[in-house]
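Letter by letter, the chains look like this.
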Amino acid sequence: MKNKVLSSLAIAGVLAVSASAQAHIAAVAPTAVAGKTIVIELGVGHGCEGSDTYALTVDIPKGMTSVRPMESDFGKTSLTYDAVDTALVTSVTWQKDEADALPKDTNYYKIAFRAKLPAAPFTSIYYKIHQVCRAADATLSYAEWVALPGETGEPAATQAIVPDHLPGWNKYTVPADIPDLSLFFKDALIVWRGSDAYSFNDATVDLIKGTQGVNLLSADGVKANDEIWVRY
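Residues numbered from 1 in each chain as written. Predicted model: local features only at pLDDT ≥ 70, side-chain atom pairs only at ≥ 80, totals over all residues. Heavy atoms only, no water.

- As recorded by an unreviewed UniProt entry, the protein carries the name DUF1775 domain-containing protein and is attributed to Polyangium mundeleinium.

### Notes on the state of the cysteines
Thought 1: Enumeration over the complete set of coordinates arrives at one disulfide.
Thought 2: Disulfide pairing is shown between Cys48 and Cys133; the S-S distance is 2.1 Å. Taking the sign of the S-S torsion, about 60° here, the bridge from Cys48 to Cys133 comes out right-handed. Pair noted here: Cys48 is in the loop between β3 (37-44) and β4 (52-59) and Cys133 is in strand β9 (residues 123-134), with a separation of 85 residues, a long-range link. (Disulfide = S-S within 2.5 Å. Helix = DSSP H or I, 4+ residues; strand = E, 2+ residues; numbered from the N terminus.)

### Examining the nonpolar core
Thought 1: Among the nonpolar cores identified, the biggest contains 31 residues, and Ile40, Leu42, Met64, Phe113, Tyr127 and Ile129 are the most heavily contacted of them.
Thought 2: Setting aside residues up to four positions removed in sequence, Tyr127 forms contacts with Ile40, Leu42, Val58, Asp59, Pro61, Met64, Phe113, Leu117, Trp145, Ala156, Ala157 and Gln159.
Thought 3: Ranked by size, the runner-up nonpolar core spans 16 residues in total, among them Phe122, Ile178, Leu181 and Phe185. (Core = buried A, V, L, I, M, F, W, Y, C linked by side-chain atoms within 4.5 Å. Buried < 20%, exposed > 50% of the residue type's maximum accessible area, 1.4 Å probe, protein only. Contact = heavy atoms within 4.5 Å.)

### Describing the pattern of salt bridges
Thought 1: Summed over all chains, the structure comprises seven salt bridges.
Thought 2: Between Arg193 and Asp226 there is a salt bridge, with the nearest N and O atoms lying 3.1 Å from each other. Here Asp226 lies in the loop between β16 (215-216) and β17 (227-231) and Arg193 lies in strand β14 (residues 190-193), a separation of 33 residues in the sequence.
Thought 3: Overall, the relative accessible area of 24% leaves Arg193 in the partly exposed class.
Thought 4: One network of salt bridges, with partners in common, ties together Arg193, Asp196 and Asp226. (Salt bridge = Lys/Arg side-chain N within 4 Å of Asp/Glu carboxyl O.)

### Observations concerning the sheet that holds strand β13 (residues 169-173)
Thought 1: Read across the sheet, five strands follow the order β13-β17-β14-β15-β16 without closing on themselves; strand pairing throughout is mixed. Lying at the two open borders of the sheet, with one neighbouring strand each, are β13 and β16.
Thought 2: Pairing of β13 with β17 involves five bridges; the strand directions are antiparallel. Residue Trp169 lies in a different strand from β17, and its bridge partner there is Arg231. (Pairing = 2+ DSSP bridges.)

### Some points on the environment of Val191
Thought 1: Counting through the fold element by element, Val191 comes out in strand β14.
Thought 2: Between the C-alpha atom of Val191 and that of Trp229, which follows or precedes it by 38 residues, the distance is 5.8 Å.

### With respect to the side chain of Ser182
Thought 1: Here Ser182 lies in the loop between β13 and β14.
Thought 2: Residue classification places Ser182 among the buried positions, given a relative accessible area of 15%.
Thought 3: If sequence neighbours within four positions are ignored, Ser182 has contacts with Tyr198 and Phe200.

Below, the structure is given as structure tokens:
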């Protein structure tokens, strides 16, 4: 059944396409692969009630190491370190010069840093972000993007950690229930569990539905210890 669906995909030229996160401060790129070193970009959608963003502090999640921030037009960086392990970065701050502060909230910003991700596939990592804004009269205001799932308040930026993989078929045993397959398989062509299949791409879903003997795997249908095959 896998080959039948995949042959149809090849003919149709269908590929799964990633969707951008929609939060006000969000991880915008790239895919986070467990145990790999990547450049993490965070997009700042807006300032604070009309005031321009003046400074941002990102708390580095536990398990993330080798942090090296990138300076940008937004501002230079400063680091804080763990009190015990003085080589471990615990937060990064970007701050503009006062002369570069805009009179009102007009700009979209990106900040970035390179880091090694924890070797924890099929989990999510959360970046707690503290935003400082500056009005034209130099008044400061603040926004805290720190709420985790189930908590109230502005949400922390989220990034799903996917398993290391190669082009073609990859086999995994799922370590825990996956409540939302779209978090981890947006870049996958198709996911199989037995005769059940899942795809983030609507055109691929239509092919799955139209293939005899193949059932559509619901988005919450993968449980701990399930064996799955994923094609990238």
